[in-house]
Amino acid sequence: MENKTHLVDEITGHRRMRRNRKADWTRRLVQENRLTVDDLIWPIFVIPGTGIVEPIPAMPGVNRMTVDMAVEAAKEAADLGIPALATFPNIEMELRDETGSNSLEKNNLINLATAAIKKAVPNIGVITDVALDPFTSHGHDGILRGNEIVNDETVEQVARAAVYQADAGADIIAPSEMMDGRIGAIRQALDAAGHQSVGIMSYATKFSSAFYGPYREAISTGGLLKGDKKTYYIDPANGTEAVRDATLDVEEGADMLMVKPGLPYLDICWRLKEAFGLPTFAYQVSGEYAMIKAAAANGWIDGEKVMLETLLAFKRAGCDGILTYFAVDVARHLAKK
Ligand code: PBG
């Protein structure tokens with residue numbers, strides 16, 4: 001029986017962390033965080049036309065869908081219990097211009113998708129982005145004048161676009177373009193248009209990251225983008241600056257905060273949750289998804305386990321939920337457990 005060594009006993013005394021880990025039932029009892037379907041927001045890509053579902057090569061398992069197919073996907077997501085979708089349009093190149101004027105078309109692709117989804121599946125939340133990158137011929141999130149992404153003019157435009165998105169039925173506006181003053185301006189514009197109950201989830205801390213590559217393929221902005229987004233996204237080196245940026249968004253009226261990318265920025269998730277206590281979300285972005293998928297496809301990791309572990313890590317870091325391309329896979333997994 002006696003298999004203790006004197007040495008270990010002397011060091012640990014009565015303290016043995018492994019007591020609580022000894023069986024499945026003890027582990028379940030002491031588990032601090034859990035991932036549930038209620039934590040999931042599913043980002044989807046919408047294309048013009050009907051009846052088309054096309055794969056995105058750099059994001060195996062993720063498709064671009066026409067509005068009718070997106071409605072079917074929304075039904076499936078709702079049936080699985082996924083609370084909300086985040087929609088991103090891949091519009092025709094002919095519609096893209098210097099200022100992203102299509103963002104101000106009442107019946108543009110993103111608004112048609114919102115209206116169709118909300119009509120067919122009223123109980124799923126629709127979260128829309130107002131950044132201009134899907135609409136500009138240069139792939140930047142704002143209006144380009146000379147060499148500059150002009151702040152105030154962009155803010156005015158995204159605030160107007162937000163009202164059209166809310167008119168179409170969007171439940172939450174999620175501005176990702178990182179212009180200064182955008183949250184306050186969008187709040188004012190929504191309220192003036194009678195959209196007091198439409199929320200704002202701020203992409204409060206969006207970093208100038210290399211993890212967005214596959215997304216840019218998904219909405220065809222990769223080839224268009226000249227230069228980088230360093231003059232408006234946050235430097236990955238800066239955590240305190242990220243908290244300051246989020247402070248302004250909270251003061252301007254953000255209802256929820258988001259950190260993007262996700263896993264490399266868990267410290268920011270934790271800091272924002274501690275600082276503000278607002279509902280806080282992480283966006284597990286396209287590059288994070290692609291890395292897991294690629295390693296799994298090579299047999300180098302267990303893709304499902306890594307997926308679940310990364311999502312749980314967000315919960316541990318203080319997140320209330322995660323935008324993830326894995327949402328449907330996870331929901332299916334949790335449903336069969
Ligand atoms: C831009 C935007 C980006 C993503 C969503 N909206 C980043 C970018 O292209 O610079 C990235 C999402 C992802 O990588 O999954 N407004």
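My aim in this report is to walk through the structure given alongside it, one point at a time. Just so it is clear, the structure is predicted and the values come from calculations on it, not from any experiment.

1. Description of the site of the ligand
Thought 1: Contacts to the ligand come from 17 residues, most closely from Ser176, Arg216, Lys260, Ser286 and Tyr325.
Thought 2: A distance of 2.6 Å is found between an oxygen atom of the ligand and a side-chain nitrogen or oxygen belonging to Arg216.
Thought 3: Interatomic distance of 3.3 Å between a side-chain N/O atom of Lys260 and a nitrogen atom of the ligand.
Thought 4: Protein chains shield 100% of the accessible area of the ligand, which is 400 Å² for the free molecule.
Thought 5: Residues belonging to the shell around the ligand are distributed by class as follows: eight nonpolar, two polar and seven charged.

2. Structural notes on the environment of Arg21
Thought 1: For Arg21, the position within the fold is in the loop between helix H1 (6-12) and helix H2 (24-30).
Thought 2: The spatial distance from the C-alpha of Arg21 to the C-alpha of Asp171 is 43 Å, given a sequence separation of 150 residues.

3. Quick notes on the nonpolar core
Thought 1: Counting 105 residues, the largest nonpolar core has Trp42, Phe45, Ile117, Ile186, Met201 and Val330 as its most contacted members.
Thought 2: Tallying contributions element by element places helix H5 (residues 151-167) first for this core, with seven residues.
Thought 3: Residue contacts for Met201: discarding those within four places in its chain leaves Ile41, Ile127, Ile172, Ile173, Ala174, Pro175, Met256, Met258, Phe281 and Leu323.

4. A look at the pairing of strand E1 (residues 40-47)
Thought 1: Burial analysis of E1 places eight of its eight residues in the buried class, which makes it a mostly covered element.
Thought 2: Taking every second residue as pointing to the same face, both faces of E1 are buried, with Leu40, Trp42, Ile44 and Val46 on one and Ile41, Pro43, Phe45 and Ile47 on the other.
Thought 3: Here two bridges tie E1 to strand E12 (residues 321-324), and the two strands are oriented parallel to one another. The partner of Leu40 across the bridge, within E12, is Ile322.
Thought 4: Bridge count for E1 against strand E4 (residues 84-89) is six bridges, and the pairing is parallel. The partner of Trp42 across the bridge, within E4, is Leu85.
Thought 5: Pairing of E1 with strand E3 (residues 63-66) involves three bridges; the strand directions are parallel. The residue of E3 that forms the bridge with Ile47 is Thr66.

5. Considering the packing of H5 against helix H6 (residues 182-192)
Thought 1: Close contact between H5 and H6 brings their axes to 9 Å; oriented N to C, the two are set at 45°. The pairing of H5 with H6 is recorded here as oblique in orientation. Where H5 crosses over H6, the two elements pack in a sense that is right-handed. Of H6, the residues touching H5 (which contributes Val155, Val158, Ala159, Ala162, Val163 and Ala166) are Arg182, Ala185, Ile186, Ala189 and Leu190.
Thought 2: A per-class count over the contact of H5 with H6 returns 10 nonpolar, no polar and one charged.

6. Regarding the side chain of Asn90
Thought 1: Of note, Asn90 is situated in the loop between E4 and helix H4 (109-120).
Thought 2: Taking relative accessible area as the criterion, Asn90 reaches 9% and is therefore assigned buried.
Thought 3: Within the local environment of Asn90, its side chain forms a polar contact with the side chain of Arg96, the two groups lying 2.9 Å apart.
Thought 4: Ignoring anything within four residues of it in the chain, the contact list for Asn90 reads Val46, Ile47, Pro48, Arg64, Arg96, Leu109, Ala218, Ile219 and Ser220.

7. Remarks on unusual backbone geometry
Thought 1: Backbone torsion omega between Lys260 and Pro261 reads -10°, so that peptide bond is classified as cis.
Thought 2: Residue placement: Pro261 occurs in the loop between strand E10 (256-260) and helix H9 (266-276).
Thought 3: The backbone of Met178 shows a phi angle near 60°, a positive value even though the residue is not glycine.
Thought 4: Within the secondary structure, Met178 is located in the loop between strand E8 (172-174) and H6.
Thought 5: Of note, the phi angle at Ser220 is positive, near 55°, even though the residue is not glycine.
Thought 6: Mapping Ser220 onto the fold places it in the loop between helix H7 (213-218) and helix H8 (240-252).

8. Some points on the state of the cysteines
Thought 1: Within this structure, the stated rule accounts for zero disulfides.
Thought 2: Here Cys269 is not cross-linked by a disulfide; its sulfur's nearest cysteine counterpart is in Cys319, at 3.5 Å.
Thought 3: Take Cys319: its relative accessible area is 4%, and that puts it in the buried class.

9. A word on the pattern of salt bridges
Thought 1: Under the defined criterion, the tally for this structure stands at 17 salt bridges.
Thought 2: Here Lys118 makes a salt bridge to Asp171, at a shortest N to O gap of 2.8 Å. Placement of Lys118 in helix H4 and of Asp171 in the loop between H5 and E8 is noted, with a sequence separation of 53 residues between them.
Thought 3: Judged by relative accessible area, Lys118 falls into the buried class, the value being 18%.

Parameters and conventions
- Residues numbered from 1 in each chain as written.
- Predicted model: local features only at pLDDT ≥ 70, side-chain atom pairs only at ≥ 80, totals over all residues.
- Heavy atoms only, no water.
- Near = heavy atom within 4 Å.
- Polar contact = N/O pair within 3.5 Å; in protein donor to acceptor, adjacent residues only side chain to side chain.
- Areas by Shrake-Rupley, 256 points an atom, 1.4 Å probe, with all protein chains shown as cover.
- Nonpolar A, V, L, I, M, F, W, Y, C, P; charged D, E, K, R; others polar.
- Helix = DSSP H or I, 4+ residues; strand = E, 2+ residues; numbered from the N terminus.
- Core = buried A, V, L, I, M, F, W, Y, C linked by side-chain atoms within 4.5 Å.
- Buried < 20%, exposed > 50% of the residue type's maximum accessible area, 1.4 Å probe, protein only.
- Contact = heavy atoms within 4.5 Å.
- Pairing = 2+ DSSP bridges.
- Axes fitted to C-alpha atoms, helices over the stretch in contact; angles between N-to-C directions.
- Parallel < 35°, antiparallel > 145°, perpendicular 65-115°, else oblique.
- Left-handed = near helix turned anticlockwise from the far one by under 90°.
- Disulfide = S-S within 2.5 Å.
- Salt bridge = Lys/Arg side-chain N within 4 Å of Asp/Glu carboxyl O.

Remember, this is a structural readout, not a statement about activity or role.
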